[in-house]
Amino acid sequence: MVQILDATLREGEQTPGVHFDRHIKLQIAKLLDEIGIDFIEAGHPMVTQEIYDAVYLLAHQKLKATVAAHSRSVKKDVDLALECGVQFIGIFYCVSDERLTDVFKKDLSVAIGQISEVIHYAKDKKPDLIIRYTPEDTVRSQFENVLDASAAAVEAGADIISVADTTGYMIPGTERSMYDFIKRLRDGLNRKGLTPKLAVHCHNDRGLAVANALDAYRAGVDIIDVTVQGLGERAGLVDMGQLLSVLTADFGEKRWNLKKLNELYGLVSRHSNIPVPANFPVTGKNAFTHCAGVHTHAASIDPMHYESLTPQLVGRERHFSLDHMSGLASVKYALDLAGMDKLEEDIIIEVLNVVKIIGQRGRTVELEELPEIVEMLHKRPQ
Ligand code: HCA
Ligand code: CU
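The numbering scheme is per chain: residues are counted from 1 as the chain's sequence reads. Chains and ligands are labelled by the order in which they are written, letters from A for the one and numbers from 1 for the other. Local features in this predicted model are restricted to residues of pLDDT 70 or higher, and side-chain atom pairs are both shown and tallied only at a pLDDT of 80 or more, whereas totals for entire chains, interfaces and linings draw on every residue. The basis for the side-chain values is all heavy atoms of the structure; hydrogens and waters are excluded.

**Q** Would you mind going over the coordination of the copper ion (ligand 2) with me for this structure?
**A** Ideal donor angles around a metal are set by the shape: a four-donor tetrahedron calls for 109.5 degrees, a six-donor octahedron for 90 or 180 degrees. Only nitrogen, oxygen and sulfur atoms qualify as donors, and only when within 2.8 Å of the metal (3.2 Å in the case of Na, K and Ca); with water excluded, sites may look incomplete. In the first shell of the copper ion (ligand 2), the protein supplies Glu11 (OE), His201 (NE2) and His203 (NE2), at 2.0 to 2.2 Å from the metal. Within one chain, the residues serving as donors to the copper ion (ligand 2) are arranged as E-x189-H-x1-H. Taken together, the residues glutamate 11 in the loop between strand 1 (3–6) and helix 1 (22–35) and histidine 203 in the loop between strand 7 (197–202) and helix 8 (209–218) connect sequence positions 192 residues apart. Burial classes follow relative accessibility: with a 1.4 Å probe on protein chains only, a residue under 20% of its type's maximum area counts as buried, one over 50% as exposed, and anything between as partly exposed. By relative accessible area, which is 2% here, glutamate 11 ends up buried. Assessed through its relative accessible area of 4%, histidine 203 is described here as buried. Starting at the N terminus, helices and strands are each numbered in turn, a helix being any DSSP run of H or I of at least four residues and a strand any DSSP run of E of at least two.

In structure tokens:
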């Protein structure tokens, strides 16, 4: 059974211009909890006093989810996270040769020493703390560096190793496959007698975040990171709505209350000021709307002809849009829904003409408009 970590309040706030007020973070966290998210990454307390206060607030809520704080591999960050009262701390430190040489100016062995020391320190201070270590940019780092740092982290007390595709570099089915990476890391750690949980954190720079997360899932990863709307640095992260829908519909994971997604997406998009694109899978306005005449005709007979995910999965309804693409079947179906199923065929054809004219102006006709369209056609001067 895979577990889900939501990082909307941490990584999501790294979206340029996005900030959630503290009470909005609480509202978001409650909805995440109702959906059945296992871990809520609430923020990095070192960044601002406001984030510290928000992490404190969430850590002191009675949520089913475990609240996590983000932390660099330094004792000061760990102290602040523990002061906030979290049960989970995510410590990141990149161990690629390039980052060690160009940025940190440290040898691998020194870096690993620091990672181990900080993890030991955290575990000593709070023995039941869940500790995740992320070798940031995991998948582009030298594999031996990742393996050595991860092994040392687990020996020091880390419970979870997270594989971060920090730059959205992986491509399923190629030599850059997340499936292979997860297997290889698990094998490497097992050979050293270590069996931490593995997590995955996929960025969406190539639009492949959900695909890579599924690749990790098929390789047996234990935890997958997501955000609402896929918010995050640059092109963001795995979109929660898409991943949870696929896991539910296609992989038999049935634990989440997906009917709450709409409310959550509405809340997050209002407060992030980032609209959900109309054509976004699952949560977008058009995700369950059929348009062209041929489609609406077949879908009104049986929706499976043009749907592989049902709107009921996420508590939504199927729609048929009326615009210049509509045909007679769409209009008849819409008139039925609007309670006007006894109209003459020639009036229905005229309604279709009106719908097409309005559609050519770039607007859809709503069901509520149909009674007055029919009235207008009936009351024309002879
Ligand atoms: C960051 C980078 C990070 C870290 C992930 C993690 C990434 O913003 O600090 O700590 O598990 O993508 O590598 O989000
Ligand atoms: Cu990230």
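**Q** Mind showing me how you'd approach the site of ligand 1 here?
**A** One heavy atom suffices: a residue is near a molecule or strand as soon as one of its heavy atoms comes within 4 Å of it. Near ligand 1, the surroundings consist of Arg10, Glu11, Gln14, His70, Phe92, Arg132, Thr134, Glu136, Ala164, Thr166, His201 and His203. A distance of 3.0 Å separates an oxygen atom of ligand 1 from a polar atom in the side chain of histidine 201. The side chain of histidine 203 places a nitrogen or oxygen atom 3.0 Å from an oxygen atom of ligand 1. Only the protein chains shown count as cover for residues, with accessible areas throughout obtained via the Shrake-Rupley method and a probe of 1.4 Å. If ligand 1 stood free it would expose 360 Å²; the protein chains cover 93% of that surface. Under this definition, polar contacts are N or O atom pairs within 3.5 Å; protein pairs additionally need one hydrogen-donor-capable and one acceptor-capable atom, and for neighbouring residues in sequence, both atoms have to be side-chain atoms.

**Q** It is not clear to me how the state of the cysteines should be interpreted in this structure. Could you clarify?
**A** By definition, a disulfide links the sulfur atoms of two cysteines through a covalent bond. The rule for a disulfide is simple: a pair of cysteine sulfur atoms within 2.5 Å. Throughout the structure, instances matching the rule amount to 0 disulfides. The closest cysteine sulfur to the non-disulfide-bonded cysteine 94 is located on cysteine 202, 17 Å from its own sulfur.

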